[in-house]
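The lines below spell out each chain.
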Amino acid sequence: MAALAKVSIATVSRTINASPAVSQKLAQRVWQAIEQLNYFPNTHARSLVSGRSRILGIIVENITNPFFPELIASFEEIAVAHGYEILVSSTNSNADQLTNCVRRMLERKVEGVAVLTFGGEEPVLDQLAIHNMPIVLAEFHLEDPKVSTILLDYSAGIHAAVAHLVELGHTRIGFLAGPHALHSAITRLNAFQQTMQEANLKVHKNWIIECDHTLKGGVAGFGKIMALPTRPTALICSNDMTAIGVLRAVYMAGLRVPEDLSVIGLDDIDFAEFTLPPLTTIRLSRVELAKAAFDALRLQAESAGNAPSTSVIQREFLVSTSLVVRGSTAAPASDKPKAQTKN
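Residues numbered from 1 in each chain as written. Predicted model: local features only at pLDDT ≥ 70, side-chain atom pairs only at ≥ 80, totals over all residues. Heavy atoms only, no water.

Student: Can you walk me through the overall build of the chain in this structure?
Tutor: The helix and strand tally for the chain stands at 12 helices and 12 strands. Residues counted as buried form 49% of the 343 residues belonging to the chain. A separation threshold of at least 6 residues defines the contact pool for the chain, and within that pool the share at least 24 residues apart is 69%. As presented, the chain carries roughly 17500 Å² of accessible surface, and 54% of it is formed by carbon and sulfur atoms. (Helix = DSSP H or I, 4+ residues; strand = E, 2+ residues; numbered from the N terminus. Buried < 20%, exposed > 50% of the residue type's maximum accessible area, 1.4 Å probe, protein only. Contact = heavy atoms within 4.5 Å. Areas by Shrake-Rupley, 256 points an atom, 1.4 Å probe, with all protein chains shown as cover.)

Student: Would you mind showing me how to read the side chain of Gln300 here?
Tutor: As for its position among the elements, Gln300 is in helix α12 (residues 286–304). For Gln300, a relative accessible area of 2% puts it in the buried group.

Student: Mind showing me how you'd approach the sheet that holds strand β7 (residues 208–210) here?
Tutor: Adjacent strands of a sheet form backbone hydrogen bonds with each other and so pair up, either parallel or antiparallel. Spatial strand order, β7-β6-β8-β9-β10-β12: six strands in an open sheet with mixed pairing. Whereas interior strands pair on both sides, the edge strands pair on one side only; in this sheet they are β7 and β12 (321–324). Going across the sheet, the axis of each strand differs from the next one's by a mean of 20°, ignoring polarity. With three bridges connecting them, strand β6 (residues 173–177) and β7 associate as parallel partners. Residue pairing for β7: Phe175 is matched across the bridge by Ile208. Relative to β6, helix α10 (residues 215–226) is tilted by about 140°, and along the sheet it contacts β6, β7 and β8 (234–237). (Pairing = 2+ DSSP bridges. Axes fitted to C-alpha atoms, helices over the stretch in contact; angles between N-to-C directions.)

Such coordinate-based values are descriptive only and should not be taken to indicate function.
Take a look at the structure:
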């Protein structure tokens, strides 16, 4: 290979290991030779020599929720582009399964773990900390130099959602919350309540229903709303899966979205624009979240083998949210202009 590329063996090695010491021109020749020879580097042997696995772990809450496969795909794309592999685990919202996920990460000697379960990760953090493992968490702070935090600006998106509904004429707005065991669900609920208060709108406690972030949870949550003597004209849901469940339940009840009920989700999963009607939702970019998680872990992993530096490593990363308006929101029925009758 070195002969074909007309470079030294050392240059080939540096190119494969993504060393910045190799010029772009030489690197291009090496990669052309690699492609021509159909060569696959022995990553295991390379990790034994370098002492680095170049594997990053990502643990998610529920692989059946489309949000997480989309997040994993973005994380993998970014990691591979930077010469890393990834190890994926899903907890399925089970604490024992989370412990097994962490054990797998430690056994594979990953260089860092993105724990993106959005709640319930506290029991295993000590296990990772004992092994001096770089960690990135979503919305959870831990006073440890090896832990980074991704903050999600739910307030901006929820504020935009409430403002959108108010502009349409809604004042009776309910909220289908996520499981209260998840700190992300509590953060979203708190943001909704604060936004409603700032808009001088009454927060009806019986219009706040705890669901489980699933399609069936959305169906069940809407059923509870329908059982109330007075009901909201609009619902904001803690995630898109809940909102899509509501769309289904409204249809089965013989009602219509948005004519009888406006519905807003949160996440903007790929399915959201293909529902009937297309779902208005608060976008939480998986690409931004994946990039923040990767950047946090890479900073930690690549600083570990370097000499002590006076520079401060970034520990907090902010991911923004925004409202995407589609077809599931409209003015409440009482505020819509009535058709004129002909005399």
